[in-house]
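Per-entry structural report
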Amino acid sequence: MGSGSERIVVVTGASRGAGKGIATALGATGATVYVTGRTRNEGDATLPGTVYATAEEITRRGGNGVPVVLDHGDDTQVEALFERVRTEHGRLDLLVNNALALPDGLTDKGPFWEKPLGLLDLLDVGMRSTYVSTYFAAPLLVADGGGLVVNTSSFGGTCYMHGPAYGAGKAAVDKMAHDMAVDFRPANVAVVSLWMGLLTTERTLAAFAANPGAYDGLAATAESPEFVGRVIDALARDPQLMTRTGRVLIGAELAVELGVTDTDDRQPPSHRPMLGNPPEFSAAVID
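Summarised in this report is the structure supplied together with it. (Residues numbered from 1 in each chain as written. Predicted model: local features only at pLDDT ≥ 70, side-chain atom pairs only at ≥ 80, totals over all residues. Heavy atoms only, no water.)

**So, the overall build of the protein chain**
Helices and strands together make up the secondary structure of the protein chain, namely ten helices and seven strands. For 287 residues, the compact-globule estimate of 2.2 N^0.38 gives 19 Å, and the protein chain sits close to it at 18 Å. Taken along its principal axes, the extent of the C-alpha atoms in the protein chain is 50 × 45 × 40 Å. The proportion of buried residues among the 287 residues of the protein chain is 52%. Considering only residue pairs separated by 6 or more positions, the protein chain has 72% of its internal contacts joining residues 24 or more positions apart. (Helix = DSSP H or I, 4+ residues; strand = E, 2+ residues; numbered from the N terminus. Rg over C-alpha atoms; globule rule 2.2 N^0.38 Å. Buried < 20%, exposed > 50% of the residue type's maximum accessible area, 1.4 Å probe, protein only. Contact = heavy atoms within 4.5 Å.)

What follows is the structure, given as structure tokens:
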């Protein structure tokens, strides 16, 4: 796999939030990072951030940021992205599947039938888009002779978190990582699902600001979005990468193993004691 300035990366859903932090951290290694998202201009979304701003920050950090405005609900646009990567580079080292719809009502209290049916949008841009992006990226990853796919996920894959729509989406991308790893193994391409903790994204910081003091204890354990990118960078460089393929990994725990700290040199804690263990999948393979 290419490293540093040689690395070709795609990070989906990177206008803001986890995707922006991941893309920026990877860009700081000198990589060429294609960042996708729907936000062209400030003000188009309720939260700050655009694909162009993310790409500019990557370039400012020493990488090569490439903004790509696209809707991950449109397979044709996704296919065009990876055709562009093929034309411009002929390979891909690292794909981070982070695009996720966050419909209104996701964090409302109450049973799922009292929430909007639109929550199922996150099974389209989230679960389905992870499959589609990896589908079109696969020939480029295989051509590189070794690579990495990371599905960003959370403890919601096994514990109750925001209801069954969110949980189903996270459980699905976790299982996809396991099953895709079986198909990719002969090509030396690793696939993992990475459970993130609470992130200090624009959305989270806005919630903290709207409720002073209410989240102080939780805020103390939060991870920066760039922390996730640092963990992914270290994982991509790990000589033992293929021993981890097909697994669901906790980012905070992987950081300890690989010697990664957050931007403020903290070691964010794992939430395993409170929220539970990652799933263990069967080793059986039925073609």
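**A look at the packing of helix H3 (residues 75-89) against helix H4 (residues 124-143)**
Look at H3 against H4: their axes get within 9 Å of each other, and the N-to-C directions meet at 30°. In terms of axis orientation, H3 runs roughly parallel to H4. Crossing of H3 against H4: the hand is right-handed. Judged by residue contacts, Asp75, Val78, Glu79, Phe82, Val85 and Arg86 of H3 engage Arg128, Val132, Ser133, Phe136, Ala137 and Leu140 from H4. Partitioned by chemical class, the residues of the contact of H3 with H4 number seven nonpolar, one polar and four charged. (Axes fitted to C-alpha atoms, helices over the stretch in contact; angles between N-to-C directions. Parallel < 35°, antiparallel > 145°, perpendicular 65-115°, else oblique. Left-handed = near helix turned anticlockwise from the far one by under 90°. Nonpolar A, V, L, I, M, F, W, Y, C, P; charged D, E, K, R; others polar.)

**Here we look at the pairing of strand E4 (residues 94-97)**
Alternating positions in E4 separate into two faces, Leu94 and Val96 on one and Leu95 and Asn97 on the other, with burial throughout. Note that strand E1 (residues 8-11) and E4 share three bridges and pair parallel. Looking at E4, one finds that Val9 is bridged to Leu94. As paired elements, E4 and strand E5 (residues 147-154) share four bridges and run parallel to each other. Following the sheet pairing, Leu95 is matched in E5 by Val149. (Pairing = 2+ DSSP bridges.)

**Some details on the packing of aromatic side chains**
Under the criterion given, the structure shown has three aromatic pairs. Ring geometry for Phe112 against Trp113: centres 5.2 Å apart, planes inclined by 85°, an arrangement best described as edge-to-face. The exposure class of Trp113 is exposed, given its relative accessible area of 61%. Taking 4.7 Å as the distance between ring centres and 50° as the angle between the ring planes, the aromatic pair formed by Phe155 and Trp195 counts as tilted. Here Phe155, found in the loop between E5 and helix H5 (164-184), pairs with Trp195, found in strand E6 (residues 189-196); they are 40 residues apart in sequence, far enough to count as distant. For Phe155, a relative accessible area of 3% translates into the label buried. Across the ring face of Phe281, the terminal group of Lys175 is positioned such that the distance to the ring centre comes to 6.0 Å. (Phe/Tyr/Trp six-rings, centres within 6.5 Å; stacked < 30°, edge-to-face > 60°. Lys NZ or Arg CZ within 6 Å of the ring centre and 35° of its normal.)

**Quick look at the packing of helix H8 (residues 225-237) against helix H9 (residues 251-258)**
At their nearest, the axes of H8 and H9 sit 10 Å apart, and the two run at 50° to each other. When the axis of H8 is compared with that of H9, the two are oblique. As for how H8 packs across H9, the hand of that crossing is left-handed. On the side of H8, the interface is formed by Phe227, Val231, Ala234 and Leu235, while H9 contributes Gly251, Ala252, Leu254, Ala255 and Leu258. Residue composition of the contact of H8 with H9, by class: eight nonpolar, one polar and no charged.

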